[in-house]
Amino acid sequence: NRLLLIRRSFKRKFSRKCKIFFIRSIERHTGSCCALSIKIQQFRRHITHKGHAAGLVVIRELTAQRAAEVRLVDSERSFHDLLGALDEAIWIANADLSTFYYVSPAVESILGISPAEFMADASVWAPLVHPDDRAEVARLLHTLAAGAENVTIVARMVRRDGETRWIEASITSATNGLGEPVRTVGVLADITERKRLEGELALAAQVFENTREGVII
């Protein structure tokens, strides 16, 4: 029955000259299954065989290709699951950060901006930069655009809910064979707690330095 259906499909496809007909699986005589790609090409000159129009049929096995595609999908899914479990946000963008190709889910918990918003508007983060830090952020981004391979930006970001967070962005520029920047890869981390501890340690050090009395620890 399957061969009859395939034969009928050939006739339909052949009547349309050149088509590619995919069959998901065919059972071999050994009992195993394989995926096939069947291309039917009608000759430019009208050639007949036993009263029927003749053409060229190319059959190619796709079992290995389909298996590789499945493995690729599985690996991409595992990769995205891994990035989704990180506290840091990962992004991949073009050289001047005008287009984001990928942004991991953690960015929403850090900045309050969803990955979809980043993909739709690459500048959506800019208004969140604290006014006192905007000049320094612009300077570092200019350094990156001028050819720097790695840039680390530490700045305050005012989330949409009004909360101010300290953010560290480590950006690496990737180049092509000619040394021209083609994309950037960034890691975004919330370092608010670290900055708080650094401030407390600095204050304690200042107290110890300025005190006139002995301190025993």
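Let us look at the structure shown here. Keep in mind that this is a model prediction, so the values were computed, not measured.

## Some words on the sheet that holds strand β10 (residues 181-190)
For step 1, the next point in the chain: As summarised here, the arrangement of the five strands in space is β7-β6-β10-β9-β8, forming an open sheet in which the pairing is antiparallel. Bordering the open sheet on either side are β7 (100-103) and β8 (150-158), each of which pairs with just one other strand. Sheet twist, expressed as the mean angle between neighbouring strand axes with direction ignored, is 20 degrees.
For step 2, the next point in the chain: Two elements, strand β6 (residues 89-94) and β10, share six bridges in a ladder whose sense is antiparallel. Looking across to β10, one finds that Ala93 is bridged to Thr184.
For step 3, the next point in the chain: Across the sheet, helix α5 (residues 134-145) touches β8, β9 (164-175) and β10, and the angle it forms with β8 is around 155 degrees.

## Section: the packing of aromatic side chains
For step 1, the next point in the chain: What the rule picks out here adds up to two aromatic pairs.
For step 2, the next point in the chain: Note on Phe100 and Phe118: the rings are 5.3 Å apart at their centroids and 80 degrees apart in plane angle, and the pair reads as edge-to-face. Remark: Phe118 occurs in helix α4 (residues 115-120) and Phe100 occurs in strand β7; sequence separation between them is 18 residues. An identical accessibility class is assigned to Phe100 and Phe118; each is buried.
For step 3, the next point in the chain: The rings of Trp91, Phe100 and Phe118 are connected pair by pair, giving a single aromatic cluster.
For step 4, the next point in the chain: Over the face of the ring belonging to Trp166 we find Lys195, whose NZ or CZ atom lies 4.4 Å from the ring centre.

About the criteria used
- Residues numbered from 1 in each chain as written.
- Predicted model: local features only at pLDDT ≥ 70, side-chain atom pairs only at ≥ 80, totals over all residues.
- Heavy atoms only, no water.
- Pairing = 2+ DSSP bridges.
- Helix = DSSP H or I, 4+ residues; strand = E, 2+ residues; numbered from the N terminus.
- Axes fitted to C-alpha atoms, helices over the stretch in contact; angles between N-to-C directions.
- Contact = heavy atoms within 4.5 Å.
- Phe/Tyr/Trp six-rings, centres within 6.5 Å; stacked < 30°, edge-to-face > 60°.
- Buried < 20%, exposed > 50% of the residue type's maximum accessible area, 1.4 Å probe, protein only.
- Lys NZ or Arg CZ within 6 Å of the ring centre and 35° of its normal.

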